[in-house]
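The lines below spell out each chain.
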Amino acid sequence: MSELTLDLEEALAEVLAAHERGMLARAVVVVEVLDADGERSLSVLTTPEVPEWDALGLCRYAVLSIEGPAAAFFTGDDE
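This one's a predicted model, so the numbers in the text were calculated from it and none came from an experiment.

Re unusual backbone geometry
For residues other than glycine, phi is negative in most cases, and the peptide bonds are mostly trans.
Moving on, step 1. Non-glycine residue glutamate 20 carries a positive phi angle of around 50 degrees.
Moving on, step 2. Relative to the elements of secondary structure, glutamate 20 occurs in the loop between helix H1 (3–18) and strand E1 (28–34).
Moving on, step 3. Unlike most non-glycine residues, glutamate 49 shows phi in positive territory, near 65 degrees.
Moving on, step 4. Inspection of the secondary structure puts glutamate 49 in the loop between strand E2 (40–46) and helix H2 (52–75).

Take a look at the structure:
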């Protein structure tokens with residue numbers, strides 16, 4: 001476990017608790033990072049001990065949960 005993933009877990013747990021969203025079980029965070037030269041890259045971070053297949057499953061579920069409402073919004077279909 002890296003210090004980064006431990007800090008991420010602690011920060012997310014604190015934010016979720018402060019907003020009464022429940023207890024953090026595990027998380028995948030995708031962030032866009034700008035380096036000192038202004039170059040962009042994506043970084044995928046997980047809380048400690050999340051296996052790759054679980055991270056992939058969480059990401060795929062998130063995409064599916066966003067695609068439907070986004071498609072409805074852009075097509076003007078409010079169903």
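That covers the picture; the talk isn't over yet.
Some words on H1
Moving on, step 1. In this model H1 runs 23 Å from its N-terminal to its C-terminal C-alpha over 16 residues, within 8% of the 22 Å that 1.5 Å per residue would give.
Moving on, step 2. Following H1 by one or two positions, glutamate 20 has its phi on the positive side, about 50 degrees.

Examining the packing of aromatic side chains
Moving on, step 1. One pass over the full model with this rule turns up 1 aromatic pair.
Moving on, step 2. Taking 5.1 Å as the distance between ring centres and 80 degrees as the angle between the ring planes, the aromatic pair formed by phenylalanine 73 and phenylalanine 74 counts as edge-to-face.
Moving on, step 3. The exposure class of phenylalanine 73 is exposed, given its relative accessible area of 62%.

Quick look at the pattern of salt bridges
Moving on, step 1. In total, this model carries 2 salt bridges according to the counting rule given.
Moving on, step 2. Note that arginine 26 and aspartate 54 form a salt bridge whose closest N and O atoms lie 2.8 Å from each other. One end of the pair, arginine 26, is in the loop between H1 and E1; the other, aspartate 54, is in helix H2, with 28 residues separating them in the sequence.
Moving on, step 3. As a salt-bridge pair, arginine 40 and glutamate 32 come within 3.1 Å of each other at their nearest N and O atoms.
Moving on, step 4. With a relative accessible area of 58%, arginine 40 lands in the exposed category.

Things to note about H2
Moving on, step 1. A rise of 1.5 Å per residue sets the reference length of H2, with its 24 residues, at 34 Å; its end C-alpha atoms lie 34 Å apart and thus fit the reference within 8%.
Moving on, step 2. Positive backbone phi, approximately 80 degrees, marks glycine 76, located one or two places after H2.

Regarding the side chain of threonine 47
Moving on, step 1. In this structure, threonine 47 sits in the loop between E2 and H2.
Moving on, step 2. Side-chain polar atoms of threonine 47 contact the backbone nitrogen of alanine 27, separated by 3.0 Å.
Moving on, step 3. Beyond its immediate sequence surroundings of up to four residues, threonine 47 is in contact with Leu8, Glu9, Leu24, Arg26 and Ala27.

Calculation notes
Residues numbered from 1 in each chain as written. Predicted model: local features only at pLDDT ≥ 70, side-chain atom pairs only at ≥ 80, totals over all residues. Heavy atoms only, no water. Helix = DSSP H or I, 4+ residues; strand = E, 2+ residues; numbered from the N terminus. Expected span 1.5 Å × (residues − 1). Phe/Tyr/Trp six-rings, centres within 6.5 Å; stacked < 30°, edge-to-face > 60°. Buried < 20%, exposed > 50% of the residue type's maximum accessible area, 1.4 Å probe, protein only. Salt bridge = Lys/Arg side-chain N within 4 Å of Asp/Glu carboxyl O. Polar contact = N/O pair within 3.5 Å; in protein donor to acceptor, adjacent residues only side chain to side chain. Contact = heavy atoms within 4.5 Å.

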